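# Fold and contact review
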Amino acid sequence: MVIGTAWLFDAADVALLSFIMPLIKKEWFLNDNQIGLVSSITTVGMMIGALLFGYLADKFGKKNIIIITLLLFSVSNLVLALTTNVEQFMFVRFITGIGLGGELPVATTIIADSFSGHKRSKMLILVDSFWAIGWILASLLAFLFMPIYGWRFTVIITSVMALYTLVIRRHLPQQTNVKNARLNLKKALSQIFSPEYLRATICLSLLWFIIMFTYYGMFLWLPSVLIKRGFSVVHSFRYTLVMSFAQLPGYFLAAYLMGKLTRKRVLEIYLVGTIIGAFLFGTAQTTFWVVFSSCLLSFFTLGAWGILIALTPTQYPMEIRGVGIGFTQSIGRIGATIGPYLIGFSLSINLSIAIIFFYFVGSLIVGILILVFGMVDNDQKDLVMD
């Protein structure tokens, strides 16, 4: 419950950005290309934060670092409410991204270090399910408050809630603050690229790239895409809220399948499901198919993210786990940067939504090939270590 708040508030922040984008576009007269850049700048910060704070967590203790990352992005959100133009907005979002990107790898290592085997996989997926709760919370805030009070007031609300978790974090056990003061970043990076871990590092980096490219590209733009298809802003909030509720059963089914199937096989199933959802959304012509395909996307895409979170820590020993998770997720953030910008650019040159969503179908097919032919699942190794 304590660690789950990391995912909850990260998700609320990312989700609110997707709702804010159409509003600042109108307020500051931005084009689709500029809006794509606005959404991408946060993930540039996340890319830096993931590697930086993943390393610092191994070196100075995970409990200390997760509180620092939380404070960084919550204070940044308060400053965001004071911005008056897109340049200021982008600078603050970059700083916010550093905190956001750092928090999840650190939170992941805390859970990974506390459990092992199939129980570790289930716990990682369950804490990742708090992402869905955060997205639902953001959707409710956007639907209930943003049309009346504006996006700045809504951002301030989320900042206050994020600061509240500082109190909760006092209850983290002291063993989450184990320090490795002699750890050297260059040496740790050389270890994850040693022959023993090279294959895992390459495959995980590519898989994180594809999943983040898909997730951020599609979900940051969903409200804007719905508006382009003729829905009002308020209606798009409602549809996104319905879509968000579909995330939770996706996580719970993935957690249930841990131990019954290998993590690799479960991830294959979820990637195929994401392909089906992206295809249906890209070609949907009616309200029913838009909502149905959105729910499929939520169910499978977020579940796939949770499974990959469960898979990644098993590939590295505890002493370099933060660096391994941080590095592979930082490569994933490159995909998260490219995805939203690519959609903004594609919309600005009037490509159809169907063509745009085939970007994601193609990348997911590549992800399945990497998973099947490149990735080694350490399920049996985990059981022996137990």
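Residues numbered from 1 in each chain as written. Predicted model: local features only at pLDDT ≥ 70, side-chain atom pairs only at ≥ 80, totals over all residues. Heavy atoms only, no water.

Cut-off, in case you're wondering: UniProt positions are given in the numbering used here, feature names are shortened, and annotations may be inferred rather than shown by experiment.
An unreviewed UniProt entry lists the chain under the name MFS transporter, with Companilactobacillus suantsaicola given as the organism. Regarding the chain, the UniProt comment filed under Subcellular location (unreviewed entry) reads as follows: "Cell membrane".

## Description of the overall build of the chain
For clarity, the threshold we go by: Think of it this way: any DSSP run of H or I at least four residues long counts as a helix, any run of E at least two long counts as a strand, and we number them from the N terminus. As defined in this context, the radius of gyration uses C-alpha atoms, and a globule is described by 2.2 Å times the residue total to the power 0.38. Only protein chains enter the accessibility calculation, which uses a 1.4 Å probe. A residue is then buried if its area is under 20% of the maximum for its type, exposed if over 50%, and partly exposed in between.
Looking only at helices and strands, the chain features 18 helices and zero strands. Relative to the globule expectation of 21 Å for 386 residues, the C-alpha radius of gyration of the chain, 19 Å, shows essentially globular dimensions. Dimensions of the chain along its principal axes, counting C-alpha atoms only, are 55 × 40 × 30 Å. Buried positions account for 60% of the 386 residues belonging to the chain.

## Brief notes about the domain arrangement of the chain
Many structure descriptions define interface size as the accessible area lost when the parts assemble. In plain terms, the rule: Either an automatic procedure or a domain database provided the assignment from which the domain bounds are taken. Note on contacts: a residue pair qualifies if any of its non-hydrogen atoms lie within 4.5 Å across the two residues. Accessible area that two parts lose when put together, with a 1.4 Å probe and added across both, is what the buried area reports. For salt bridges, the criterion is a side-chain nitrogen of Lys or Arg within 4 Å of an Asp or Glu carboxyl oxygen.
If you check the domain split of the chain, you get domain 1 (1-171) and domain 2 (184-385). A C-alpha centroid distance of 17 Å is found between domain 1 and domain 2. Listed by partner, the interface residues are 50 residues for domain 1 and 61 residues for domain 2. Between domain 1 and domain 2 the total buried area reaches about 5,000 Å² when both faces are included, carbon and sulfur atoms providing 71% of it. Seen at the junction of domain 1 and domain 2, the total is one salt bridge. Ionic pairing is found between Arg321 and Asp113, a salt bridge with its closest N-O pair at 2.6 Å.

## So, helix 2 (residues 32-60)
Owing to its 3.6 residues per turn, the α-helix aligns residues three or four sequence positions apart on the same side. What counts is decided by this rule: Helix span, as expected, comes to 1.5 Å for every residue beyond the first. Residues adjacent in sequence count toward polar contacts only when both atoms are side-chain atoms; beyond that, a polar contact is any pair of N or O atoms within 3.5 Å, and within protein one must be able to donate a hydrogen and the other to accept it.
For helix 2, spanning 29 residues, the distance from its first C-alpha to its last is 42 Å, which sits close to the expected 42 Å at 1.5 Å a residue. Where helix 2 starts, the residue carrying a side-chain oxygen 2.7 Å from the main-chain nitrogen of Gln34 turns out to be Asn31. Of the residues trailing helix 2, Gly61 is marked for its positive phi of about 105°.

## Considering the side chain of Ser293
Looking at where Ser293 falls in the secondary structure, it is placed in helix 15 (residues 287-311). If sequence neighbours within four positions are ignored, Ser293 has contacts with Gly277, Leu280, Phe281 and Ala284.

## Topic: the nonpolar core
This is how it is decided: Joining through side-chain atoms within 4.5 Å is the link that ties buried Ala, Val, Leu, Ile, Met, Phe, Trp, Tyr and Cys residues into a set, and such a set is a nonpolar core.
Among the nonpolar cores identified, the biggest contains 123 residues, and Trp7, Trp131 and Tyr216 are the most heavily contacted of them. Per-element tally for this core: the top contributor is helix 1 (residues 4-27), with 14 residues. Of the domains in this structure, domain 1 (1-171) and domain 2 (184-385) are the two that each give at least three residues to this core.

## Description of the packing of aromatic side chains
To keep things clear, this is the line we draw: Pairing of aromatic rings covers Phe, Tyr and the six-membered ring of Trp, with a centre-to-centre limit of 6.5 Å; geometry is then stacked below 30 degrees between planes, edge-to-face above 60, and tilted otherwise.
Per the stated rule, a full pass over the model turns up 26 aromatic pairs. Ring centres 6.4 Å apart and planes at 50° place the aromatic pair Phe145 and Phe153 in the tilted group. Taken together, the aromatic side chains of Trp131, Trp135, Trp208, Tyr215, Tyr216 and Trp305 make up a single cluster linked through ring pairs.

## Quick word on unusual backbone geometry
In this structure, Phe29 takes a positive phi of about 55° despite not being glycine. Look at Asn350: it is not a glycine, yet its phi comes out positive at around 65°. Looking at the secondary structure, you find Asn350 in the loop between helix 16 (321-348) and helix 17 (353-373).

## Considerations on the environment of Val323
In this fold, Val323 is placed in helix 16. Exposure remark for Val323: the relative accessible area of 0% places this residue in the buried category. A sequence separation of 42 residues divides Val323 from Ile365, and the C-alpha atoms of the two residues are 28 Å apart. The contact partners of Val323, leaving out residues within four places of it in the chain, are Gly54, Tyr55, Asp58, Leu183, Ala188, Leu189 and Ile192.

## Overview of the pattern of salt bridges
Taken as a whole and assessed by the stated rule, the structure comprises six salt bridges. Note that Asp13 is salt-bridged to Arg93, the shortest N-O span being 2.7 Å. Taken together, the residues Asp13 in helix 1 and Arg93 in helix 4 (residues 86-114) connect sequence positions 80 residues apart. Each member of the pair, Asp13 as well as Arg93, carries the same accessibility label: buried. Each member of the salt-bridge network shares a partner with another, and the members are Asp58, Lys62, Asp113 and Arg321.

## Here we look at the packing of helix 2 against helix 16
How we decide: Inter-axis angles, ranging from 0 to 180 degrees, are taken between N-to-C directions of lines fitted to C-alpha atoms, where helices are fitted over the stretch in contact. Oblique is the label for every angle not falling under 35 degrees (roughly parallel), over 145 degrees (roughly antiparallel), or within 65 to 115 degrees (roughly perpendicular).
At a minimum axis separation of 8 Å, helix 2 and helix 16 run at an interaxial angle of 180°. Viewed along their axes, helix 2 and helix 16 adopt a mutual orientation that is roughly antiparallel.

## Regarding the environment of Lys260
If you trace the backbone, Lys260 turns up in the loop between helix 13 (247-257) and helix 14 (263-283). For the pair Lys260 and His118, spaced 142 residues apart in sequence, the C-alpha separation works out to 9.4 Å.

## A closer look at the side chain of Ser330
As for its placement among the helices and strands, Ser330 is situated in helix 16. Those residues in contact with Ser330, other than ones at most four positions away along the chain, are Met47, Ala50 and Leu51.

## Concerning the packing of helix 2 against helix 4
Stated formally: Crossings are assigned a handedness: left-handed for a near helix turned anticlockwise from the far helix by less than a right angle, right-handed for a clockwise turn. Ten residue types, Ala, Val, Leu, Ile, Met, Phe, Trp, Tyr, Cys and Pro, are classed as nonpolar, four, Asp, Glu, Lys and Arg, as charged, and the remainder, Gly among them, as polar.
At a minimum axis distance of 5 Å, the contact between helix 2 and helix 4 shows a crossing angle of 35°. For the pair helix 2 and helix 4, the sense of crossing is right-handed. For the pair formed by helix 2 and helix 4, the contact residues are Leu37, Val38, Ile41, Thr42, Val44, Gly45, Met46, Ile48, Gly49, Ala50, Phe53 and Ala57 on the first element and Val86, Phe89, Met90, Arg93, Phe94, Gly97, Ile98, Leu100, Gly101, Gly102, Pro105 and Val106 on the second. Residues that form the contact of helix 2 with helix 4 fall into these classes: 17 nonpolar, six polar and one charged.

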